[in-house]
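Examination of the molecular architecture
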There are 4 protein chains.
Amino acid sequence: MSEHTTGTARLYRVDVQFGDCDPAGIVFFPNFLRWMDQASLAYFMACGLPPWRVLERTRGIVGTPLLEIHTRFMKSATYGETLEIETVIEHWAAKSFRHRHVIRRDGVTLCEGTETRVFVMRDPHDPERIRAIPIPEDIRAMCS
Amino acid sequence: MSEHTTGTARLYRVDVQFGDCDPAGIVFFPNFLRWMDQASLAYFMACGLPPWRVLERTRGIVGTPLLEIHTRFMKSATYGETLEIETVIEHWAAKSFRHRHVIRRDGVTLCEGTETRVFVMRDPHDPERIRAIPIPEDIRAMCS
Amino acid sequence: MSEHTTGTARLYRVDVQFGDCDPAGIVFFPNFLRWMDQASLAYFMACGLPPWRVLERTRGIVGTPLLEIHTRFMKSATYGETLEIETVIEHWAAKSFRHRHVIRRDGVTLCEGTETRVFVMRDPHDPERIRAIPIPEDIRAMCS
Amino acid sequence: MSEHTTGTARLYRVDVQFGDCDPAGIVFFPNFLRWMDQASLAYFMACGLPPWRVLERTRGIVGTPLLEIHTRFMKSATYGETLEIETVIEHWAAKSFRHRHVIRRDGVTLCEGTETRVFVMRDPHDPERIRAIPIPEDIRAMCS
């Protein structure tokens, strides 16, 4: 029982730094994933959610870990450049959702990927454990 | 014109660090990609290749950037744990190859993914540009 | 033969990210050093310098590696917060210069430090080697 | 009321990775600080302490944040090299202690630094706050 309900696309800006680049002079690729993670949280905060640490205190939600990522890299980037990440939620399932991120420089796509994530809470019986919960309806509504 | 020629699987060990983990207390996921990148270079060096910077001087090859990654995350990890990454090259195409990495803790799979990579050289006319080259036959032979 | 010639202070903004924080929920401290490095390059670019990769092509200068850092941490920070880094060059010596960075959140100092840096070029006889050069007079003039 | 009681020196090994290096081809310096942090926790674990997350559960101690660092960089390093970090606690004060780390490659010192740290607990009235505690006597004894 899942359906497609893409919400608004939101933009997130990244200024590529010297330390983000490798000896080939281009962005070390795990940083693209780091920026998608930033764009994901920025997306939820732009929808009106507080940072996870506030949600943890009020509702026990500690974040949205990944189930799966799939990314294609078309062009490289380097420091001194500004990138724009366009983020949507392209699918909500019962217990997960899927982001699509497109990273562009001056309108040209450098990198495109999806992230499938779950909302998690700490296990009340073992706070070192986290477990997935059904998508909170109010959060989904805020993002639609 | 591509074919399947999986070479030997090789193992790479990672000790998860405090600074690799996020406020939820688990590995911040881009680090899994960083470790796969380490396992990839370790794979080639175990096959007898020198580090990229030596290959750059002798043959102009500056590394093996990514075309595509696909990763599934099954279980989380935290600091103080030791992970083992099993890496193979599961496919060689004319101008790219594909790694498969399986990350395990005590034999249990935490994370599994593929990386499609190309060998690149600097463009002799514009050293800031890099471009893909056909898979070097000798390197392929060393890894088979 | 050195003298004190503090140039203009410049401000650099950092939005602290989830992935910048550790299992204690606060910024993992090497990130403060990473941000000071970003503030240093932003300082030079605000003075009118191009990114290092352009300087490398035109003048052989590949960057400004560190000789020494000294940092005091007064208060922690966490994600969702915006920090402001105030950067000056507080001293120019014949072959090095010293930055002072003060990192604040809402006007409160969290962290304060100095960086002593040198300008380096690649050794023309061994491009894998870099070596310090006298402070370029024109760059010093641009920043004063 | 403080005194000098340097315990045993302990060694920690680091294999420098491609992704640890910057466009100049050398280690991006905040990684040296990251490795000192790893060497610090490895030091305590070699003395018999469990990881912080276990100490947090049993005693509320969440780690040893930094008050101050001071580091000098003498030589650069690059990927494919193995570094050795020699770590001691060179001073215990009432509420803080000071590490000295020396990072060497083949016996040659690349980088040397001190870290002044405190043990912290979460504030029982506000778990988002952490505060310094007197040096736990048993931990000090384990490391002496």
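What counts, and where the lines are drawn
- Residues numbered from 1 in each chain as written.
- Chains lettered and ligands numbered in written order.
- Predicted model: local features only at pLDDT ≥ 70, side-chain atom pairs only at ≥ 80, totals over all residues.
- Helix = DSSP H or I, 4+ residues; strand = E, 2+ residues; numbered from the N terminus.
- Rg over C-alpha atoms; globule rule 2.2 N^0.38 Å.
- Contact = placed C-beta atoms within 7 Å.
- Nonpolar A, V, L, I, M, F, W, Y, C, P; charged D, E, K, R; others polar.
- Least-squares fit on C-alpha atoms with pLDDT ≥ 70 in both.
- Pairing = 2+ DSSP bridges.
- Axes fitted to C-alpha atoms, helices over the stretch in contact; angles between N-to-C directions.
- Parallel < 35°, antiparallel > 145°, perpendicular 65-115°, else oblique.
- Expected span 1.5 Å × (residues − 1).
- Buried ≥ 20, exposed ≤ 12 C-beta atoms within 10 Å, placed from the backbone.
- pLDDT = per-residue confidence, 0-100.

**Looking at the overall build of chain A**
A tally of helices and strands in chain A yields three helices and eight strands. Walking chain A from its N terminus toward its C terminus, one meets helices and strands in the order β-α-α-β-β-β-β-β-β-β-α. Taking 2.2 N^0.38 as the reference for a compact globule, 144 residues should give roughly 15 Å; the C-alpha atoms of chain A span a radius of gyration of 16 Å, in line with that estimate. Sequence separation of 24 or more characterises 65% of the internal contacts of chain A that already satisfy a separation of 6 or more.

**Observations concerning the interface of chain D and chain A**
In this complex, chain D contributes ten residues to the contact, which on the side of chain A involves ten residues. When the residues that make up the side of chain D that touches chain A are grouped by side-chain class, the tally is five nonpolar, two polar and three charged.

**Observations regarding the relation of the copies chain B and chain A**
Turning chain B through 180° and shifting it by 0.0 Å along the axis lays it on chain A, with an RMSD of 0.0 Å. Here the symmetry operator amounts to a two-fold rotation axis. Relative to the rotation axis, the closest C-alpha in chain B is found at His70(B), a distance of 2.2 Å. When the interface residues of chain B are mapped onto chain A, 100% of them are again interface residues, pointing to one common binding face.

**Remarks on unusual backbone geometry**
A positive phi is found at Asp106(A), a non-glycine position, where the angle reads about 50°. The residue Asp106(A) is located in the loop between strand 5 (97-105) and strand 6 (108-117) in this model.

**A few points about the sheet that holds strand 5 (residues 97-105) of chain B**
Strands sit in the order 1(A)-4(A)-5(A)-6(A)-3(A)-3(B)-6(B)-5(B)-4(B)-1(B) across an open sheet of ten strands; the sheet is antiparallel. What marks the edges here is a single partner per strand, and that holds for strand 1 (10-15) of chain A together with strand 1 (10-15) of chain B. Averaged over all neighbouring strand pairs, the angle between strand axes comes to 20°, with direction disregarded. Inspection of the sheet shows strand 4 (residues 82-92) of chain B paired to strand 5 of chain B by eight bridges, in the antiparallel sense. Bridged to His91(B) within strand 5 of chain B is Arg98(B).

**Observations regarding the interface of chain B and chain A**
Each side of the interface is counted separately: chain B has 23 residues, and chain A has 23 residues. Put simply, the parts of the chain that give the side of chain B that touches chain A at least two residues each are helix 1 (30-46), strand 2 (61-63), strand 3 (66-73) and strand 8 (126-133) of chain B. Examining the composition of the side of chain B that touches chain A, we find that eight residues originate from one element, strand 3 of chain B, more than from any other. Among the residues making up the side of chain B that touches chain A, the classes are represented as twelve nonpolar, five polar and six charged. As paired strands, strand 3 (residues 66-73) of chain A and strand 3 of chain B are joined by five bridges and run antiparallel to one another.

**Section: the packing of helix 1 (residues 30-46) of chain C against helix 1 (residues 30-46) of chain D**
Here helix 1 of chain C crosses helix 1 of chain D at 175°, and the two axes come no closer than 9 Å. Looking at the two axes, helix 1 of chain C sits roughly antiparallel to helix 1 of chain D. Within the contact between the two elements, helix 1 of chain C uses Pro30(C), Leu33(C), Arg34(C) and Asp37(C) and helix 1 of chain D uses Pro30(D), Leu33(D), Arg34(D) and Asp37(D). Residue classes in the contact of helix 1 of chain C with helix 1 of chain D are distributed as four nonpolar, no polar and four charged.

**Details of the relation of the copies chain D and chain A**
For the pair chain D and chain A, the superposition axis carries a translation of 0.0 Å, the fit reaches an RMSD of 0.0 Å, and the rotation angle comes to 180°. Counting the interface residues of chain D, we find that 100% of their copies in chain A are interface residues as well, pointing to one common contact surface.

**Considering helix 1 (residues 30-46) of chain A**
Residue and element names in this part refer to chain A. Compared with an ideal rise of 1.5 Å per residue, which puts 17 residues at 24 Å, helix 1 spans 24 Å between its outermost C-alpha atoms and is within 8% of the ideal. In terms of residue burial, helix 1 counts as a mostly covered element, since 14 of its 17 residues are buried. Following helix 1 by one or two positions, Gly48 adopts a phi angle in the positive range, close to 110°.

**As for the sheet that holds strand 1 (residues 10-15) of chain D**
Judged by pairing direction, the sheet is antiparallel, and its ten strands sit side by side in the order 1(C)-4(C)-5(C)-6(C)-3(C)-3(D)-6(D)-5(D)-4(D)-1(D) without closing on themselves. Looking along the sheet, the strands with just one partner apiece sit at the ends: strand 1 (10-15) of chain C together with strand 1 of chain D. Averaged over neighbouring strand pairs, the angle between their axes works out to 20° when direction is ignored. In this structure, strand 5 (residues 97-105) of chain D lies alongside strand 6 (residues 108-117) of chain D, joined through nine bridges in antiparallel fashion. Bridge assignment links Ile103(D) to a residue of strand 6 of chain D, and that residue is Cys111(D).

**A word on the environment of Pro136(D)**
All names here are of chain D. Tracing the sequence through the fold places Pro136 in the loop between strand 8 (126-133) and helix 3 (137-142). What makes Pro136 partly exposed here is the crowd of 14 C-beta atoms within 10 Å. Here the alpha-carbon distance between Pro136 and Ala9, two residues 127 residues apart in the chain, equals 20 Å.

**Quick look at the environment of Met74(D)**
Residues and elements named next belong to chain D. By the secondary structure assignment, Met74 is in the loop between strand 3 (66-73) and strand 4 (82-92). Under the C-beta neighbour-count criterion, Met74 is labelled exposed, with 12 such atoms within 10 Å. For the pair formed by Met74 and Thr109, sequence separation is 35 residues and the distance between their alpha carbons is 7.3 Å. Not counting residues within four places of it along the chain, the set of residues in contact with Met74 comprises Thr109, Leu110 and Cys111.

**Thoughts on the environment of Ile103(A)**
Residue and element names in this part refer to chain A. Inspection of the secondary structure assignment puts Ile103 in strand 5. For the pair Ile103 and Arg122, spaced 19 residues apart in sequence, the C-alpha separation works out to 32 Å. Apart from residues lying up to four places away in sequence, Ile103 is in contact with Phe32, Leu83, Ile85, Leu110 and Cys111.

**Quick notes on the pairing of strand 6 (residues 108-117) of chain C**
Residues and elements named next belong to chain C. Sheet analysis places strand 3 (residues 66-73) next to strand 6, joined by seven bridges and oriented antiparallel. Following the sheet pairing, Phe73 is matched in strand 6 by Cys111. Counted between consecutive antiparallel strands, the loop separating strand 5 (residues 97-105) from strand 6 contains two residues, among which Asp106 sits at a positive phi close to 55°.

**With respect to the pairing of strand 4 of chain D**
All names here are of chain D. As paired strands, strand 1 and strand 4 are joined by six bridges and run antiparallel to one another. Bridging from a neighbouring strand, Tyr12 pairs with Ile85 of strand 4. With antiparallel pairing between neighbouring strands as the criterion, strand 4 and strand 5 make up a hairpin whose turn holds four residues.

**As for the confidence of the model for chain A**
With 96% of its residues at a pLDDT of at least 70, chain A reaches an overall mean of 91. We note a pTM of 0.93 for the whole complex and an ipTM of 0.91 for its interfaces.

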